[in-house]
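Commentary on secondary and tertiary structure
Spelled out, the chains give:
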Amino acid sequence: MDLTYTDEEEMFRARLRDWLGVVLPGLGPKPSPDDWPGRRAYDTAWQRMLYDAGYADVHWDASPTQRLIFLQETERAGAPYVGANFVGLLHAGPTIAAEGTAEQRRRWLPPVLRGDEIWCQGFSEPDAGSDLASLRTKAVRDGDSYIVTGSKIWTSHAEVADWCELLVRTDPGAPKHRGISWLAMPMDAPGITVRPLRTLAGSTEFAEMFLDEVRVPVENRVGAENDGWRVTMVTLSFERGTAFVGEVVACRRTLGELAATARENGRWDDTVLRRRLGRLNAEFAALWRLTQWNVSESQKTGGVPGVGGSVFKLRYSHARQELYDTAAEVLGPDAADLSQEWTLDRLSSLSYTIAAGTSQIQRNIVAERILGLPKGR
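Residues numbered from 1 in each chain as written. Predicted model: local features only at pLDDT ≥ 70, side-chain atom pairs only at ≥ 80, totals over all residues. Heavy atoms only, no water.

Now for empty space enclosed by the protein. Here the structure, examined in full by the defined rule, presents 1 cavity of 30 Å³ or more. Its volume calculated, the largest cavity comes out at about 130 Å³. In terms of lining, the largest cavity is formed by 14 residues, of which the most central are Phe-70, Leu-71, Thr-74, Pro-80 and Tyr-81. Listed by contribution, the elements that provide at least two residues to the lining of the largest cavity are α2 (36–53) and α3 (64–76). Ranked by residues supplied to the lining of the largest cavity, first place goes to α3 with 4 residues. Tallied by class, residues from the lining of the largest cavity come to 9 nonpolar, 4 polar and 1 charged. (1 Å grid on protein atoms, 1.4 Å probe; cavity = no way out; pocket = protein on both sides within 12 Å on 5 of 7 lines; lining within 4 Å. Points joined across faces, edges and corners; volume = space filled by probe spheres on them. Helix = DSSP H or I, 4+ residues; strand = E, 2+ residues; numbered from the N terminus. Nonpolar A, V, L, I, M, F, W, Y, C, P; charged D, E, K, R; others polar.)

As structure tokens, this is what we get:
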């Protein structure tokens, strides 16, 4: 893989940097973390600005190098990330682009890119987290609709979503991996109840979702009936392989800020701490190279990331926790202040070894699909 930039790519960087310099000063402050309607409006307005400027589809249709340049420059400039739009833009949208029909792509992809519609993720259940294939939410065919009954948990951004990427069991008699279907469920359908869940950091971006005989049109199924586990693996490959790309850039910036803070408050004199910061710098530099490789390799498989995403996700989630543990050491008592972004990031980092498949699951994938080891019993 050639990691150098062409003249055309450097021109893309320059145009993007100039555009960001013009639009970001007028964007205004972010809404309060508890103001979900405000956060949705803020995030979708930014997505619309990207769309109007021709940058909205960079996550899907740009070259791997252009995508990485986009993430580098937007993070460097302090631009908003995808926010409430992350499921649609980074998970559901790419899955529909890869697996959906032409009509499904026409229906759902443009509103995601314009920021008109928000998606949430209805995968996990109270008894089906790491073992996702054990899900029990059922969908019974009734003419041109499925009648869906069950519950989901950790449903990201259900409180502001228009659509849900939903996993359901359509054949309860089949082996657990073979009786699942992937549906696009409208969140305004009768029978849906959403209850926010408050996280350790005090935010409510997750929710419980209860489904009581919710009707979902059969035409909203992505992929064949009972082929949803394969489609789900496509979704999860995006979540593990490319959805965290921007966060690696952010962590590298955070590491630089952390080193500067250590110099200012005297912690830089601690040789053990300097060694930790140096090792983390090497860690995130290596993760960035792995990111470049994964994004480049995904172009060879129609844009779908491969199992290299599990290698990345496994190491990244632990490195992020180490980064914010180190931040707590540098900041001292300030690290316990919930009004500080450092503190909120440290608390949220605890979830990264669980989100998008636990570290134990990622180790199994690496062992079986990369190293060729036998499956555990």
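Moving on from the coordinates now.
Another aspect to go through is unusual backbone geometry. One non-glycine residue, His-157, adopts positive backbone phi at about 60 degrees. Relative to the elements of secondary structure, His-157 occurs in the loop between β3 (145–152) and β4 (163–169). For His-157, a relative accessible area of 6% puts it in the buried group. One non-glycine residue, Glu-213, adopts positive backbone phi at about 55 degrees. Position of Glu-213 relative to the elements: it lies in strand β7 (residues 206–217). (Buried < 20%, exposed > 50% of the residue type's maximum accessible area, 1.4 Å probe, protein only.)

Counting 62 residues, the largest nonpolar core has Trp-19, Trp-46, Phe-70, Trp-119, Trp-182, Phe-284 and Leu-323 as the members making the most contacts within it. The element that contributes the greatest number of residues to this core is helix α9 (residues 308–331), accounting for 7 residues. In this structure Leu-323 touches Cys-251, Thr-254, Leu-255, Leu-258, Leu-280 and Phe-284, once residues within four positions along its chain are discounted. (Core = buried A, V, L, I, M, F, W, Y, C linked by side-chain atoms within 4.5 Å. Contact = heavy atoms within 4.5 Å.)

It is worth spelling out the packing of aromatic side chains at this point. Within this structure, the stated rule accounts for 8 aromatic pairs. With a centroid separation of 6.4 Å and 35 degrees between ring planes, the pair formed by Tyr-55 and Phe-70 is classed as tilted. Separated by 15 residues along the polypeptide, Tyr-55 in the loop between α2 and α3 and Phe-70 in helix α3 bring together distant segments of the chain. The pair formed by Tyr-55 and Phe-70 is uniform in burial state, with each residue classed as buried. When the centroid spacing of 6.0 Å and the interplanar angle of 85 degrees are considered together, the rings of Trp-108 and Trp-119 count as edge-to-face. Placement of the pair is Trp-108 in helix α5 (residues 102–114) and Trp-119 in strand β1 (residues 119–122), with a sequence separation of 11 residues. Taking relative accessible area as the criterion, Trp-119 reaches 0% and is therefore assigned buried. Among the aromatic residues, ring-to-ring pairing joins Phe-12, Trp-19, Trp-46, Tyr-55 and Phe-70 into one connected group. Here the basic side chain of Arg-141 rests over the ring of Tyr-146, its NZ or CZ set 5.9 Å away from the ring centre. We note Arg-263 situated over the ring of Trp-268; from NZ or CZ to the ring centre the distance is 4.1 Å. (Phe/Tyr/Trp six-rings, centres within 6.5 Å; stacked < 30°, edge-to-face > 60°. Lys NZ or Arg CZ within 6 Å of the ring centre and 35° of its normal.)

Let's shift gears to the environment of Trp-288. By the secondary structure assignment, Trp-288 is in helix α8 (residues 271–298). Residue class for Trp-288 comes out buried when judged on its relative accessible area of 5%. Distance from Trp-288 to Phe-312, taken between C-alpha atoms, is 9.4 Å for residues 24 residues apart in sequence.

Quick look at the pairing of strand β2 (residues 138–142) now. As paired strands, β2 and β3 are joined by 5 bridges and run antiparallel to one another. Counterpart to Arg-141 in the pairing with β3 is Tyr-146. The turn joining β2 and β3, which pair antiparallel and follow one another in sequence, is formed by 2 residues; a positive phi near 65 degrees is taken by Gly-143. (Pairing = 2+ DSSP bridges.)

Another point: the packing of α2 against α5. The geometry of α2 relative to α5 is characterised by a closest axis approach of 7 Å and an angle of 100 degrees between their N-to-C directions. Here α2 is positioned roughly perpendicular relative to α5, judged by the angle of their axes. Seen from α2, the contacting residues are Thr-44, Gln-47, Arg-48 and Tyr-51; seen from α5, they are Val-112, Leu-113 and Arg-114. A breakdown of the residues in the contact of α2 with α5 according to their chemical character gives 3 nonpolar, 2 polar and 2 charged. (Axes fitted to C-alpha atoms, helices over the stretch in contact; angles between N-to-C directions. Parallel < 35°, antiparallel > 145°, perpendicular 65-115°, else oblique.)

Counted by the stated rule, this structure contains 0 disulfides. Free of any disulfide, Cys-164 has its nearest neighbouring cysteine sulfur in Cys-120, separated by 3.8 Å. (Disulfide = S-S within 2.5 Å.)

Pairs may arise between side chains of opposite charge once their charged atoms sit close together. Enumeration according to the criterion identifies 24 salt bridges in this entry. Notably, a salt bridge pairs Arg-40 with Asp-162, separated by 3.0 Å at the nearest N-O pair. Pair noted here: Arg-40 is in helix α2 and Asp-162 is in the loop between β3 and β4, with a separation of 122 residues, a long-range link. Judged by relative accessible area, Asp-162 falls into the partly exposed class, the value being 27%. The shortest N-O distance in the salt bridge between Asp-52 and Arg-48 comes to 3.1 Å. Placement of the pair is Asp-52 and Arg-48 together in helix α2, with a separation of 4 residues, close to one helical turn. Among the residues examined, Arg-48 registers a relative accessible area of 34% and is labelled partly exposed. Among the ionic contacts, a cluster of salt bridges with common partners joins Glu-10, Arg-13, Arg-17, Glu-73 and Arg-76. (Salt bridge = Lys/Arg side-chain N within 4 Å of Asp/Glu carboxyl O.)

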